[in-house]
Amino acid sequence: MRKLLLLRHAKSSWDDPALTDFDRPLSQRGREASARLARFVEQAGPPPDQALVSSARRTRETWETVARGWPEIPVLFEPGLYAAGESELSRRLHQLDDSILSVILVGHNPGVERLAETLGGQRGEPWALDRLARKYPTGALAELTLEIESWRAVAPDCGRLVRFTRPVDLDGIVDDD
């Protein structure tokens with residue numbers, strides 16, 4: 001059994017039209033949502049063994065804030081996760097060492113959403129499946145259990161969606177900063 005967390009970066013800013021898509025930072029709303037998510041993950045259970053994060057600015061900023069809730073997780077910032085589709089993300093998971101039992105992947109849509117749907121979009125908690133089917137908004141976190149012994153076995157329908165948390169679900173959680 002493996003655990004996969006799929007986090008779509010928080011809301012980005014479009015204030016500076018001179019910036020490339022890769023270099024866009026988080027908006028104020030994105031920073032606030034990330035801070036609430038950090039408090040949520042701190043209370044939601046044990047941290048993952050590894051973090052895989054797109055090297056785009058908004059995903060790095062999202063991770064840096066969320067990681068406050070999970071200090072000391074090894075993180076890899078990977079350019080190949082930027083704009084990666086479902087198949088590229090699956091291939092990256094296949095490369096994980098089997099000593100890693102849980103991982104968080106911080107990336108972009110549509111790849112993150114399609115991966116969540118492919119791996120666990122047919123099985124799981126009904127309320128979580130309903131939320132996932134409606135929309136995978138910025139800052140949303142899907143938690144899947146994968147019924148596999150090795151990361152090389154990641155394949156369609158190998159998972160179960162156990163939780164789907166959107167920023168709006170965390171409106172009552174405030175940051176201490």
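For the structure itself, look to the data block above.
First things first, this report covers the structure right here in the doc. (Residues numbered from 1 in each chain as written. Predicted model: local features only at pLDDT ≥ 70, side-chain atom pairs only at ≥ 80, totals over all residues. Heavy atoms only, no water.)

### Here we look at the overall build of the protein
Piece 1. Helix and strand counts for the protein stand at 5 helices and 6 strands.
Piece 2. Its helices and strands in sequence order give the protein the pattern β-α-β-α-β-α-β-α-α-β-β, from N to C terminus.
Piece 3. Over its C-alpha atoms the protein spans a radius of gyration of 15 Å, differing by no more than 12% from the 16 Å that the globule rule assigns to 177 residues.
Piece 4. Counting only C-alpha atoms and orienting by the principal axes, one finds that the protein spans roughly 45 × 35 × 35 Å. (Helix = DSSP H or I, 4+ residues; strand = E, 2+ residues; numbered from the N terminus. Rg over C-alpha atoms; globule rule 2.2 N^0.38 Å.)

### A short note on the pairing of strand 1 (residues 2-8)
Piece 1. Burial runs high along strand 1: 6 of the 7 residues are buried.
Piece 2. Here strand 1 runs beside strand 5 (residues 141-146); their pairing, made up of 6 bridges, is antiparallel. For Leu7, the partnering residue across the bridge sits in strand 5 and is Leu141.
Piece 3. Alignment of strand 1 against strand 4 (residues 102-107), held across 6 bridges, turns out to be parallel. By the bridge assignment for strand 4, Leu4 is matched with Val103. (Buried < 20%, exposed > 50% of the residue type's maximum accessible area, 1.4 Å probe, protein only. Pairing = 2+ DSSP bridges.)

### Focus on the packing of aromatic side chains
Piece 1. Within the structure shown, the criterion is met by 2 aromatic pairs.
Piece 2. Ring geometry for Phe22 versus Tyr82: centroids 5.0 Å apart, planes at 85°, classification edge-to-face. With Phe22 in the loop between strand 1 and helix 1 (28-43) and Tyr82 in the loop between strand 3 (75-78) and helix 3 (86-94), this pair connects stretches of sequence that are 60 residues apart.
Piece 3. Ring geometry for Tyr136 and Phe164: centres 4.8 Å apart, planes at 80°, overall edge-to-face. (Phe/Tyr/Trp six-rings, centres within 6.5 Å; stacked < 30°, edge-to-face > 60°.)

### Remarks on the side chain of Glu113
Piece 1. Topologically, Glu113 is positioned in helix 4 (residues 111-120).
Piece 2. Lacking a salt bridge, the buried Glu113 has Arg8 as its closest oppositely charged neighbour, with an N-O distance of 6.0 Å.
Piece 3. The residues touching Glu113, leaving out its near neighbours within four places in the chain, are Leu132 and Tyr136. (Lys, Arg positive; Asp, Glu negative; His and termini not counted. Salt bridge = Lys/Arg side-chain N within 4 Å of Asp/Glu carboxyl O. Contact = heavy atoms within 4.5 Å.)

### With respect to the sheet that holds strand 4
In a beta sheet, neighbouring strands pair by backbone hydrogen bonds and run either parallel or antiparallel.
Piece 1. Here 6 strands make up an open sheet; going across it, the order is 3-2-4-1-5-6 and the pairing mixed. Two strands close off the open sheet at either side, each with one partner strand: strand 3 and strand 6 (159-165). Strand-to-strand twist of the sheet, defined as the mean angle between neighbouring strand axes without regard to direction, takes the value 20°.
Piece 2. With 4 bridges connecting them, strand 2 (residues 50-54) and strand 4 associate as parallel partners. In the sheet register, Leu52 faces strand 4, and the bridge partner there is Leu105.
Piece 3. Contacting strand 1, strand 5 and strand 6, helix 1 runs over the sheet at an angle of about 30° to strand 5.
Piece 4. In this fold helix 3 packs onto strand 1, strand 2, strand 3 and strand 4, with an angle of close to 150° to the strand it touches most, strand 4. (Axes fitted to C-alpha atoms, helices over the stretch in contact; angles between N-to-C directions.)

### A short note on the pattern of salt bridges
Piece 1. Taken as a whole, this structure holds 12 salt bridges when the rule is applied.
Piece 2. In this structure, the salt-bridge partner of Asp21 is Arg24, at a minimum N-O distance of 2.4 Å.
Piece 3. Of the residues examined, Asp21 reaches a relative accessible area of 32% and is grouped as partly exposed.
Piece 4. Taking the relative accessible area as the measure of exposure, Arg24 reaches 6% and is therefore buried.
Piece 5. In this structure, Arg57 and Glu61 form a salt bridge, with 2.8 Å as the shortest nitrogen-oxygen distance. Of this pair, Arg57 and Glu61 both sit in helix 2 (residues 57-66), 4 residues apart, roughly one helical turn.
Piece 6. Relative accessible area serves as the criterion here: at 32%, Arg57 is assigned to the partly exposed category.
Piece 7. Each member of the salt-bridge network shares a partner with another, and the members are Lys3, Glu143 and Arg163.

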